[in-house]
Amino acid sequence: GQKLSILHQSMLTQHWEQTFGQLAASLAHEINNPLAAALGNCEVLSLELESGTEMAERLEDVVTNLKRTASKLRSLLSVAYGTEVCERVNLSELLTDLVTVINYRVTLSTVALKLSIENVCYWNGVVTGLARTLLYLLNNALDAVVDTPEPKVEIRLSSADENVLIRVRNNGPAIDTECRERIFDAFFTTKGAKHHGVGLHLTREYLETIDGMVEFESPCEDGWTEFTITV
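Residues numbered from 1 in each chain as written. Predicted model: local features only at pLDDT ≥ 70, side-chain atom pairs only at ≥ 80, totals over all residues. Heavy atoms only, no water.

Asks: Explain the packing of helix H3 (residues 91-109) against helix H4 (residues 127-144) residue by residue, including any values.
Replies: In contact at an axis separation of 10 Å, H3 and H4 are set at 40 degrees when each is read in the N-to-C sense. Classified by the angle between their axes, H3 and H4 sit oblique to one another. Considering how the two elements wind past one another, H3 and H4 form a crossing that is right-handed. Of the residues in H4, those in contact with Leu-91, Leu-94, Leu-95, Leu-98, Val-101, Ile-102, Arg-105 and Val-106 of H3 are Val-127, Leu-130, Ala-131, Leu-134, Leu-135, Leu-138, Asn-139, Leu-142 and Asp-143. Split by residue class, the contact of H3 with H4 holds 14 nonpolar, one polar and two charged. (Axes fitted to C-alpha atoms, helices over the stretch in contact; angles between N-to-C directions. Helix = DSSP H or I, 4+ residues; strand = E, 2+ residues; numbered from the N terminus. Parallel < 35°, antiparallel > 145°, perpendicular 65-115°, else oblique. Left-handed = near helix turned anticlockwise from the far one by under 90°. Contact = heavy atoms within 4.5 Å. Nonpolar A, V, L, I, M, F, W, Y, C, P; charged D, E, K, R; others polar.)

Asks: Lay out the pattern of salt bridges in plain terms, naming residues and giving numbers.
Replies: As enumerated under the stated definition, the model contains six salt bridges in all. Salt-bridge contacts for Glu-226 lead to Arg-167; the nearest nitrogen and oxygen are separated by 3.8 Å. Within this pair, whereas Glu-226 is found in strand S7 (residues 225-230), its partner Arg-167 is found in strand S5 (residues 163-170), the two being separated by 59 residues in sequence. Judged by its relative accessible area of 12%, Glu-226 falls in the buried class. (Salt bridge = Lys/Arg side-chain N within 4 Å of Asp/Glu carboxyl O. Buried < 20%, exposed > 50% of the residue type's maximum accessible area, 1.4 Å probe, protein only.)

Asks: Could you give an account of the side chain of Glu-226, naming the residues involved and the relevant values?
Replies: A distance of 2.7 Å separates polar atoms of two side chains, one belonging to Glu-226 and the other to Arg-169. With near-sequence residues (within four places) excluded, Glu-226 lies in contact with Arg-167, Val-168, Arg-169, Glu-215, Phe-216, Glu-217 and Cys-220. (Polar contact = N/O pair within 3.5 Å; in protein donor to acceptor, adjacent residues only side chain to side chain.)

Asks: Kindly report on the packing of aromatic side chains, identifying the contributing residues and their values.
Replies: With the rule as written, the count across this model stands at zero aromatic pairs. Taking NZ or CZ as reference, Arg-88 lies 3.8 Å from the ring centre of Tyr-122, over its face. (Phe/Tyr/Trp six-rings, centres within 6.5 Å; stacked < 30°, edge-to-face > 60°. Lys NZ or Arg CZ within 6 Å of the ring centre and 35° of its normal.)

Asks: Give a description of the sheet that holds S5 that names residues and reports values.
Replies: Within the open sheet, the five strands sit side by side as S2-S4-S5-S7-S6. Their pairing is mixed. With one partner strand each, in any of the chains shown, strand S2 (112-117) and strand S6 (213-217) form the two edges of the open sheet. Each strand axis lies, on average, 15 degrees off the axis of its neighbour in the sheet, ignoring direction. In the packing of H3 onto the sheet, the strands contacted are S2, strand S4 (152-160) and S5, and the crossing angle to S2 comes to about 180 degrees. (Pairing = 2+ DSSP bridges.)

Asks: If you had to explain H4 to someone new, which residues and values would you point to?
Replies: With 18 residues, H4 extends 26 Å between its outermost C-alpha atoms, agreeing within 8% with the 26 Å of an ideal straight helix rising 1.5 Å per residue. Along H4, 13 of the 18 residues are buried, which leaves the element largely enclosed by surrounding structure. (Expected span 1.5 Å × (residues − 1).)

Structure representation (structure tokens):
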């Protein structure tokens, strides 16, 4: 238990800071500051322009787009450095933001990534815990298709009764029998020494704390591997 707890903290600190924390810090410094300055200048200019003119309308359009960018940046930063406050989370927006986070990996690996949102779903909870769990599954799916011709990863969001279902699918090799039996065990991995083998174990543990669950099917009817989170 103590070993797992120590490793848990180590994995969260090392993996999170290296893959997203540094990116978020860079975004905050390199984008947020000039963005705020640009918005401030636009507000000053708007006071000097006559409302209703073409120039005023163009400036208003610039302000709208800058505010939209600022909102997206705040959303991404909240995933990285969110508080432990329970809130009403728009899962459609969260998944869209997470796809933005992993897009650099997707681009480099030429994976065809598809996000399907069947309906707008909301969830009450602490966004960082669920976001990190989803990021693990997304990165896990990208790892699974590394050697697959025409690699594909799909994310599906839907609701059924009072539950929300988030499915992460990939067309990589099916999980063999031994792995299926041990896939949620702590310290079990087939990825080599660089991986701790506790990601799925911690995913299941976290979901249990919020009365959720994670299941998988491999292969599915189409031969894909699919992990389903229910909250």
